[in-house]
Amino acid sequence: MSFLWPDSLWLLLAVPLLVGLYIVVLRRRKKLALRYASLSMVREAIGVGQRARRHVPPILFLIGLTLMIVAMARPTAVVTLPTQHETIILAMDVSGSMRAVDVQPTRLAAAQEAARAFINDQPHNVKIGVVSFAGTAAVVQAPTENREDLIAAIDRFQLQRATAIGSGILVSLKAIFPDVEFDLRASNPRIQTSDTGKGLSLDNKAKGPPKDNEKPVAPGSYQSAAIILLTDGQTTTGPDPVEAARMAADRGVRIYTVGIGTVQGEIIGWEGWSMRVRLDEDTLKTIANITRGEYFYAGTATDLKKVYQGMNSKMVLQKQQSEITALFVAAAAVFVLLGAGLSLAWFNRLL
């Protein structure tokens, strides 16, 4: 535990002074009682238990005062709290390999069904956006609280060629930070808004220096948004997904990656061509580690549903440094009120 205002703890020195003052007052009362035999007789009649009970209210009051002083120092601690991401971006692979049937009925259909269930499980105040990526990436539904629009966007997925995981990450970041331009020097991609303002696309012919000049923050520190990235293959085009993940990490955005399919690979045929597609787990794990997210593997449709359910709980409960002043204030109030109540009940006075 640490304190935002540690200098206030000097006030704790007043506690032993009050204890000393209380002892002095008791001794004076004892001397006064000895002057009168009648009072001494009453004291003996009261008994040890009654004499000990009179110290309980002052002790409770001192405990409450101590807690109040600690609260003035504004204590903080690492606690697990229910934190709600205000925006969640579902970045989903719609490359041709998603037509594979190793996950029934197909990889794409299973992913769509699990995404629908995930959307319906989120609180209504959480905005969700949907990004699809194959050879290019685009926002098919801007972040919204309208669940019907989100379901409709997922139902409209169309399979395309190639896989650009890095593009999916960058477009997702653009959906979270619409006023920021992202640039990767190595691959020269930049996110741009379309002229209509209704969609986002990735331009691989970026010119000029990057406009995102803000200082990086701690990975995973941005609590208002998260990205869930689902893919079944390897990057075949577009920017380096690891470099794109580093850009997300610099903005504190967590990326939870979901791998679907088989690591050994499947031979997929489509429109007269065929190719073997393999799940690149190493890259997905790297993306999750860089951004302080987590990687999940889904081998079947049932596994995929469980993954989304588990991801939901992980994103709601997080450890974070938080001020716990209110807890100390509440505890102090309880002790003070308890001490005052007992004093009134036993002795008909506050203290």
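Residues numbered from 1 in each chain as written. Predicted model: local features only at pLDDT ≥ 70, side-chain atom pairs only at ≥ 80, totals over all residues. Heavy atoms only, no water.

Asks: Any chance you could explain the side chain of Thr 231 here in plain terms?
Replies: Looking at where Thr 231 falls in the secondary structure, it is placed in strand β8 (residues 225-231). A distance of 2.6 Å separates the side chain of Thr 231 from the side chain of Asp 93, its partner in a polar contact. (Helix = DSSP H or I, 4+ residues; strand = E, 2+ residues; numbered from the N terminus. Polar contact = N/O pair within 3.5 Å; in protein donor to acceptor, adjacent residues only side chain to side chain.)

Asks: What is the right way to read the environment of Asn 146 from this model?
Replies: Residue position: Asn 146 is located in the loop between β5 (137-144) and α6 (147-155). With 19 residues separating them in the primary sequence, Asn 146 and Lys 127 have C-alpha atoms 8.1 Å apart. In this structure the side chain of Asn 146 is engaged in a polar contact, spanning 3.0 Å, whose partner is the backbone nitrogen of Glu 148.

Asks: Just to check I follow, could you spell out the confidence of the model for the chain for this structure?
Replies: Detailed reading of the predicted coordinates is not advisable wherever pLDDT falls low. Per-chain confidence: the chain averages 81 in pLDDT, with 77% of residues scoring 70 or above. Here residues 185-212 is modelled with pLDDT under 50, and outside its nearest four sequence neighbours on either side it reaches 60 contacts, counting other chains as well. (pLDDT = per-residue confidence, 0-100. Contact = heavy atoms within 4.5 Å.)

Asks: Please clarify how the nonpolar core should be interpreted in this entry.
Replies: Soluble, globular proteins show a tendency: their nonpolar side chains are buried together. Within the largest apolar cluster, 35 residues are counted, with the highest numbers of intra-cluster contacts made by Leu 90, Ile 228, Leu 230, Val 258, Leu 304, Tyr 308 and Met 311. Top contributing element to this core by residue count: helix α5 (residues 107-121), with 7 residues. Beyond its immediate stretch of four places on either side in the chain, Leu 230 contacts Ala 91, Met 92, Asp 93, Met 98, Ala 111, Phe 133, Val 258, Ile 260, Leu 304 and Tyr 308. Core analysis: the next-biggest nonpolar cluster, separate from the first, contains 30 residues, Val 171, Phe 182, Ile 227 and Leu 279 among them. (Core = buried A, V, L, I, M, F, W, Y, C linked by side-chain atoms within 4.5 Å. Buried < 20%, exposed > 50% of the residue type's maximum accessible area, 1.4 Å probe, protein only.)

Asks: Would you explain the pattern of salt bridges in this entry?
Replies: A side chain of one charge can pair with a side chain of the opposite charge when the charged atoms of the two come close. In the structure shown here, the tally under the stated rule is 5 salt bridges. Its salt-bridge partner being Glu 323, residue Arg 74 comes within 2.9 Å of it at the nearest N-O pair. Linking Arg 74 in the loop between α4 (56-72) and β2 (75-82) with Glu 323 in strand β13 (residues 317-323), this pair joins segments that are 249 residues apart in sequence. Looking at Glu 323, the relative accessible area reads 35%, which means it is partly exposed. Among the ionic pairs, Arg 246 bridges to Glu 243, the shortest N-O distance being 2.7 Å. On the criterion of helical spacing, the pair formed by Arg 246 and Glu 243 is a turn pair, its members being 3 residues apart in helix α8 (residues 241-250). (Salt bridge = Lys/Arg side-chain N within 4 Å of Asp/Glu carboxyl O.)

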